[in-house]
Every structure is written in structure tokens, then in C-alpha cells.
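Here is what each chain is made of, one letter per residue.
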Number of protein chains: 2
Amino acid sequence: MGRTSDARQKILDAAQALIELRGYSALGVAEICKAAGVPKGSFYYFFESKESLALTVLDEHWAAQRTAWTGLLTDTATPPLHRLRRLFEETEAAQLAGQQDCGTVSGCMFGNLSLEMSNQTEAVRTRLQEIFDAQVDMVEAVVAEARDRGEAGVTDVHEAARSVVAQLEGQVLFAKLYNSTGRLGSLWPNCLALLAARAPEGTAVRA
Amino acid sequence: MGRTSDARQKILDAAQALIELRGYSALGVAEICKAAGVPKGSFYYFFESKESLALTVLDEHWAAQRTAWTGLLTDTATPPLHRLRRLFEETEAAQLAGQQDCGTVSGCMFGNLSLEMSNQTEAVRTRLQEIFDAQVDMVEAVVAEARDRGEAGVTDVHEAARSVVAQLEGQVLFAKLYNSTGRLGSLWPNCLALLAARAPEGTAVRA
DNA sequence: ACCCAGTCTACGACCGGTCGTCTAGTCTTA
DNA sequence: TAAGACTAGACGACCGGTCGTAGACTGGGT
């Protein structure tokens, strides 16, 4: 009896879980409705189309993650690099939890959908770009803070932040492929390395 | 006719192109056959199933890429780190070429299929694991060589190689999502950073 | 207190089309 | 003509999506 029908929310919840578990294209509207315990006929009352559902799931998931990230990354009581480390630890913990819940490391929904849908529907691609832009911006702010405190030698903070997020996506992809969270521990040392000063051109790096 | 029918090869080529362009799940057997100019009825003469086609495409694509990588990475005439740099340059060039051919950065087929299929069919997941294992091994050999020459400070060469490949996958994912190869240039400096010595535990943090 | 249009929510039945797959058969070559 | 190489066409299942309407609720008229 919620003000917005709870059937809609049940569809949303089921869709989010199933998309993380099995992807989008391989998923049918009927299957989503069955999992949600909602008649299929109701689906198109609550959602305009399957794609519109994907967009809504994306938005809801990002809203939740953004809240969590904001809490982690803007906590001025802890040094900026420690905040980043906590972000990685939380990511690892989340993947581990997902694995124990449903037997499978589900990876990052945004990365998953990027590779699966971005060249099928322009709307989803645009939304995913906005999400990753926002993620990078959030990391960038922390990196800039660290640099100002002399804790990171990097000069181009935006590109550095992008690389950190890219590293995270790549490692999570591996975690999903190998169904193992074991190696996500390298996230933090790698982040540290990416945030160190860069040699201007060419050769080796000393300690 | 040819001992291996050329129809089979035409299906393979069309499938490879279409999978890079539109993914696997969203692709129908009929569409592949039409693009290949092969009657749909012939498909199941040449391939056991759609999944078996995917496996074959994967193998063929990897065989080609492995050859190219081997040529690049085992060229003892050039220093190891330069070989790695050339690998990134070639990757960037390949993505750019793909973009100009079909208007879209197609990304890495292995990464794409990892996120799209790895939790649908175990056979594909296993094959993808083998491919990435091999990629990491190839990079690892070069990293070990660089370290022996004192050009890389990293101690765990396997994990370092894995991180380099992860970074590559992450950046290529972004290139695909934003349909832009412009930022793949950060691949090489990031690789350098990942190959530098790691502090054992949170050194950069002085708070 | 009762009723009855009118309105909105919610849904089962169904649509045309496409999916992956298969079989029955036609070609080609020797 | 025997034997393989190849293919047309159709199969049942299922896809995303539509639609007519049942049921719950509303607010005036009586």
C-alpha cells in the first residue's frame, strides 16, 4: 500500500538482482515478472519498455552507490588516501558478499552493462557515461586533496582518477570472470602506484 | 570444394565482425548468415550450435592476437619496456582503425564476452580464463625481463602483469563506452607506474 | 444509508515476429 | 548410382509488447 505501488518496486528489485546475475539481453520480461511475483501484464503498466526498466534500475543502483561513495570519500576526518583505500576495501567486501549470496561474483553492473548494451541503445550509453563521469569526478576530488597534501605526486588529477577507476573496472572484470575476489587486494597498492609521480617520458622508474 | 568450405569461413568472419559490433546475445543466427551470404539452413551443418560458433570465433580471434602479441613481445632486439609500449600503441591503433571502419570503438572482444557470457555458459568462461591467463603470462615474461635489467622495480611480476592487463581492459572499456580512443594514450605511463616498485604498506601516506 | 456512473489500478490473454534447431531433401562429384 | 556436401523450409518455444477489461475506489444524487 505504499504511495508508489510495491509491485513496481518488486519488479525493480528482481530486475536488479537478475541483471547482476545473468545480464540484460539474456533476460526476459516474463522471467523478471515471475521472480518478482508480479503478473507479466502489469509490467507494461509500470514501465514503458524493457529498456526503460534498465534505465530505471541503473538510476536506482547508481543513486545507492553514489550515496555510499559520498559517505566514504567526503569524510574529512580521515586522510584522503585512506578514504580511497576504504573504497577499495568496501568494493572487495561487496563482491565477496555477492559471491556468498548467489555463488557468483557479479562484478560491476555499470561495467557489465557498458560492454553489453552501450552499442545497442544510445540512452543507456549516455546514462552510463554520466555515471562514470560522476565516479571519476568523485575520485578526482580525493586525489586532488591528496596531491595538495603532498601525498600524491601526480599532476593531471583527472586522468589519474580515470585510471584508478579503469583499474578498478579491469580488476573487477577479472574477479567476475574467475569468480574469485581473492586478487582484488591488489587494488590499493595499484592505486598508490598510479597516484605516484610519473616520469615525463620513456625510461625506467626508480623507487 | 575447399577442404574446409569457404562458407564456414564466411560465417566465422561475419560472426566475428558482428559480435564485435553488437555483442553475442543480441545477435541472431539468421542475421549472421545473412551477413555472411550463407543460407541459414547451412549454419547447423558447419556448427553444432550458436555457442559452439562463439567458441570457434573466440579461438580464431585469440590465435590471431596471440601471433601478433608474440611478434611484438618476444622481439629481443628492442628493450622489454619498449616492447610493452609498442603493444599499447598497437592496441590504440587497432581500436582507432575499428572506429574508422565501422564508426564504433569495438573494445576488446575477450573483455566484452567475459562480461556478457561468462555467467551463461561455463565453456566460454573457461576459454576466456585460458586466454587471459595466456595474455598475462606473455606480459609477465616481458616484465620479468625488464625487472632483471633493473628497469622495473616490481617484485611480484605475475601480479604486476595481471594489473597491467586489467588496466588495459579498463581503459578499453572506457574507450568503447565513450566511443573515443583519445585517452588510450595514458596506457603507457600507467603501465610504467604499475611496474615501479611498490611500497610494502601504505608508504605514501604520512598522516 | 444506498446506489450508481466514472475513474484509475492492475492484469490475463494474446499478438506478430524471431529465436535456435532440425529434418528431409537437392545438388555435386566420382 | 552411391556418397557426401550443402540447403530450404518449417518446427515449437519464447520474445517484447498490446489491449480489453475486471475490480477497487470515488463522489455526488437521492
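Residue numbers run consecutively from 1 along every chain, following the written order of its sequence. Whichever chain is written first becomes A and whichever ligand is written first becomes 1, with later ones labelled in order. This being a predicted model, a pLDDT of at least 70 is required before a residue's local features are given, and a value of 80 or more before pairs of side-chain atoms are given or counted; all residues contribute to the totals for chains, interfaces and linings. Side-chain calculation: all heavy atoms of the structure are included, whereas hydrogens and water are not.

A short note on the packing of aromatic side chains
For step 1, the next point in the chain: Two rings from Phe, Tyr or Trp (for Trp, the six-membered ring) form a pair when their centres sit within 6.5 Å of each other. Planes less than 30 degrees apart are called stacked, planes more than 60 degrees apart edge-to-face, and all others tilted. Summed over all chains, the structure comprises 14 aromatic pairs over all chains.
For step 2, the next point in the chain: Aromatic side chains F110 of chain B and F132 of chain B sit 6.5 Å apart centroid to centroid with 85 degrees between the ring planes, which places their arrangement in the edge-to-face category. A residue pair is termed long-range when its members are at least 10 positions apart, and F110 of chain B in helix α6 (residues 109-117) and F132 of chain B in helix α7 (residues 122-148) qualify at 22 residues. Across the pair, exposure class does not vary: F110 of chain B and F132 of chain B are buried alike.
For step 3, the next point in the chain: One cation-aromatic arrangement involves K50 of chain A over Y24 of chain A; the distance from NZ or CZ to the ring centre is 4.2 Å. To qualify as a helix, a DSSP run of H or I must reach at least 4 residues; to qualify as a strand, a run of E must reach at least 2; elements of each kind are numbered from the N terminus. Think of it in three bands: with a 1.4 Å probe and only protein chains considered, a residue is buried below 20% of the maximum accessible area for its type, exposed above 50%, and partly exposed in between. The rule for a charge over a ring is simple: NZ of Lys or CZ of Arg within 6 Å of the ring centre, and within 35 degrees of the ring normal.

Re the protein's contact with DNA strand D
For step 1, the next point in the chain: Residues are labelled near a given molecule or strand when at least one of their non-hydrogen atoms is within 4 Å of it. Every one of the 14 residues lining DNA strand D counts as a neighbour, but V29, K40 and Y44 of chain A together with P39 and S42 of chain B are closest to it.
For step 2, the next point in the chain: In DNA strand D, atoms within 4 Å of the protein come from the sugar-phosphate backbone in 54% of cases.
For step 3, the next point in the chain: One of the backbone nitrogen or oxygen atoms of L27 of chain A is found 2.9 Å away from a phosphate oxygen of DNA strand D.
For step 4, the next point in the chain: The term polar contact refers here to a pair of N or O atoms within 3.5 Å; inside protein, the definition further demands a hydrogen-donor-capable atom paired with an acceptor-capable atom, and it admits residues adjacent in sequence only when both atoms are side-chain atoms. Contact distances for DNA strand D include 2.9 Å between a phosphate oxygen and a backbone N or O atom of K50 of chain A.
For step 5, the next point in the chain: The residue inventory of the surface near DNA strand D, partitioned by class, reads six nonpolar, five polar and three charged. Following the grouping adopted for this structure description, the nonpolar residues are Ala, Val, Leu, Ile, Met, Phe, Trp, Tyr, Cys and Pro, the charged ones are Asp, Glu, Lys and Arg, and the polar ones are all others, Gly among them.

Regarding the UniProt feature "DNA-binding region" (unreviewed entry) in chain A
For step 1, the next point in the chain: According to UniProt, the "DNA-binding region" (unreviewed entry) feature falls on residues 28-47 of chain A.
For step 2, the next point in the chain: Annotation note: span residues 28-47 of chain A, helix share 75%, strand share 0%, distance between end C-alpha atoms 14 Å. UniProt positions are given in the numbering used here, feature names are shortened, and annotations may be inferred rather than shown by experiment.

As for the relation of the copies chain B and chain A
For step 1, the next point in the chain: The transform that puts chain B on chain A rotates by 180 degrees and translates by 0.0 Å along the axis, for an RMSD of 0.1 Å. Both chain copies can therefore be described as sitting about a two-fold axis.
For step 2, the next point in the chain: Two residues form a contact once any of their heavy atoms are found within 4.5 Å. Comparing interface residues between copies, 93% of those in chain B also lie at the interface in chain A; the contact surface is shared. In superposing the copies, a least-squares fit is computed on C-alpha atoms, taking residues whose pLDDT is at least 70 in both.

Quick word on the pattern of salt bridges
Residues and elements named next belong to chain A.
For step 1, the next point in the chain: Between Lys or Arg on one side and Asp or Glu on the other, a salt bridge is scored when a side-chain nitrogen of the former is within 4 Å of a carboxyl oxygen of the latter. Within this structure, the stated rule accounts for 14 salt bridges over all chains.
For step 2, the next point in the chain: Notably, a salt bridge pairs R83 with E145, separated by 2.6 Å at the nearest N-O pair. Taken together, the positions of R83 in helix α5 (residues 80-102) and E145 in helix α7 (residues 122-148) put the pair 62 residues apart, joining distant regions of the chain.
For step 3, the next point in the chain: Exposure remark for R83: the relative accessible area of 3% places this residue in the buried category.
For step 4, the next point in the chain: Owing to a relative accessible area of 31%, E145 belongs among the partly exposed residues under this scheme.

Overview of the domain arrangement of chain A
Residues and elements named next belong to chain A.
For step 1, the next point in the chain: Domain start and stop positions are those given by an automatic or database domain assignment. Domain annotation for chain A reports domain 1 (1-47) and domain 2 (50-195).
For step 2, the next point in the chain: Placing the centre of domain 1 and that of domain 2 at their C-alpha centroids yields a distance of 26 Å.
For step 3, the next point in the chain: Once two parts are joined, some of their accessible surface, as seen by a 1.4 Å probe, is lost; buried area is that loss totalled over both. When the buried surface of domain 1 facing domain 2 is broken down by residue, Q16, E20 and Y24 rank first, second and third, together holding 42% of it.
For step 4, the next point in the chain: Counting the contacts that link domain 1 with domain 2 gives zero salt bridges.
For step 5, the next point in the chain: Taken together, domain 1 and domain 2 are joined by seven residue pairs in polar contact (both at pLDDT 80 or more).
For step 6, the next point in the chain: Mapped onto the side of domain 1 that touches domain 2, the elements with two or more residues apiece are α1 (6-22), α2 (29-36) and α3 (40-46).
For step 7, the next point in the chain: Residue contributions to the side of domain 1 that touches domain 2 peak at 10 residues, all from α1.
For step 8, the next point in the chain: Here the residues of the side of domain 1 that touches domain 2 are counted per class, giving 13 nonpolar, four polar and three charged.

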